[in-house]
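Listed below are the residues making up each chain.
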Amino acid sequence: MEWFESILLGLVQGLTEFLPVSSSGHLAIGKALLGIAPAGDLVFEVTVHAATVLATIVVFRKEIWKLLCGLFKFRYNDETDYIAKLCVSMIPVFVVGMFFKDYVEDAFSSLTVVGVCLLVTAVLLTLSDWLSARVQEAVGESRSGISFWQAFTIGIGQALAVLPGLSRSGTTISTGLLCGVKRERMAQFSFLMVLVPILGETFLDLVGGDMAASSVGALPLLLGFAAAFVSGLFACKAMIALVRKAQLKWFGLYCALAGLLVLIFLA
């Protein structure tokens, strides 16, 4: 991978991580368009995802600090309740990471998977726009704006979204809305629930030697990280506003068109 290719892919990752259009799917498409052969590892993908996680921390630094302050009061309060629900949401993706990592890595080399998953993302986004208001009226609101069963269900969505083309933010936000979580609550929860899994995966790659053994050089990794971080800052703030105000079905339309184009190209 050349340095300019890593910058382009980093920009793609940063701009699409928070928008419900699948950053992993767009990375796979971007690599195909640039003629980059799929690597035997996911080190570049993990690195640019870590950059967008850092962007999330910067954007939500006040909220994260408030949660940490509440946690260290050592009593059950709104902050510890919220953190407990974030932990519950991480269980499904932890299971996938522990037992199905090889299958996920194989999926990243298949554009067919990307095309199909983009279509699934389109369906989820459209359904969430149509049904979320009625579901919210029937379910009501729990403490911290989300219940434990809702957190776990959203976590299942995040676990499935490890597949390229199935948008993580789109899947988790849509799943939350379909479970009755309000829009203004869902964006923050969706972005915070990914922090520990991605940082954990990055740490394991570092201590396990995967970074050193990667086919991608240190300079492309660094440039990709920087590009993803800068563009991620912009996209994160934009997505918070969009989830609160905009209709997700337009992103669904984009994902449907992108998925169909990928499948038509392959055919």
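Everything that follows concerns the structure shown earlier in this document.
None of the values given here were measured: they were computed from a predicted structure.

Criteria and thresholds
Residues numbered from 1 in each chain as written. Predicted model: local features only at pLDDT ≥ 70, side-chain atom pairs only at ≥ 80, totals over all residues. Heavy atoms only, no water. Helix = DSSP H or I, 4+ residues; strand = E, 2+ residues; numbered from the N terminus. Buried < 20%, exposed > 50% of the residue type's maximum accessible area, 1.4 Å probe, protein only. Contact = heavy atoms within 4.5 Å. Arc of directions from axis to C-beta. Axes fitted to C-alpha atoms, helices over the stretch in contact; angles between N-to-C directions. Parallel < 35°, antiparallel > 145°, perpendicular 65-115°, else oblique. Patch = residues over 30% accessible without salt bridge, like charges linked within 9 Å, V, L, I, M, F, W, Y side chains within 5 Å. Areas by Shrake-Rupley, 256 points an atom, 1.4 Å probe, with all protein chains shown as cover. Salt bridge = Lys/Arg side-chain N within 4 Å of Asp/Glu carboxyl O. 1 Å grid on protein atoms, 1.4 Å probe; cavity = no way out; pocket = protein on both sides within 12 Å on 5 of 7 lines; lining within 4 Å. Points joined across faces, edges and corners; volume = space filled by probe spheres on them. Nonpolar A, V, L, I, M, F, W, Y, C, P; charged D, E, K, R; others polar.

Assignment of secondary structure puts Val58 in helix α3 (residues 43–59). Judged by relative accessible area, Val58 falls into the partly exposed class, the value being 31%. Between the C-alpha atoms of Val58 and Cys236, which are 178 residues apart in sequence, the distance is 10.0 Å. With residues near it in sequence (within four places) discarded, Val58 still touches Phe229 and Leu233.

Residues of helix α4 (residues 61–71) that are buried: Ile64, Leu67 and Gly70. The arc that holds the buried residues of α4, viewed along the axis, is 125 degrees, so those residues lie on one side. Exposed and oriented more than 90 degrees from the buried face of α4 are Arg61, Lys62, Trp65 and Lys66.

What follows covers the packing of α3 against α4. Closest axis-to-axis distance for the α3/α4 pair is 4 Å, and the angle between their directions is 75 degrees. Judged by the angle between their axes, α3 and α4 are roughly perpendicular. In this structure, α3 uses Ile57, Val58 and Val59 to contact α4, whose residues at the interface are Arg61, Glu63 and Ile64.

A grouping of Ile91, Phe94, Val95, Met98, Phe99, Phe100, Tyr103, Phe152, Ile156 and Leu160 is seen on the molecular surface, where their side chains present a nonpolar patch of about 1100 Å² in accessible area. Looking at the nonpolar patch, the elements with two or more residues in it are α5 (78–99) and α8 (148–160). Ranked by residues supplied to the nonpolar patch, first place goes to α5 with five residues. Note on Tyr103: relative accessible area 62%, which makes it exposed.

A complete count under the given rule lists two cavities of 30 Å³ or more for this structure. Volume-wise, the largest cavity comes out at about 50 Å³. If you go around the largest cavity, the residues you meet are Gln136, Gly140, Glu141, Ser142, Gly145, Gln150, Gly180, Val181, Lys182 and Arg185. Grouping the constituent residues of the lining of the largest cavity by class yields one nonpolar, six polar and three charged. As for the second largest cavity, its lining consists of Glu17, Phe18, His49, Thr52, Val53, Thr56, Arg168, Phe191, Val194 and Ile198. Top element by residues in the lining of the second largest cavity is α3. It accounts for four residues. Its residues assigned to classes, the lining of the second largest cavity comprises five nonpolar, three polar and two charged.

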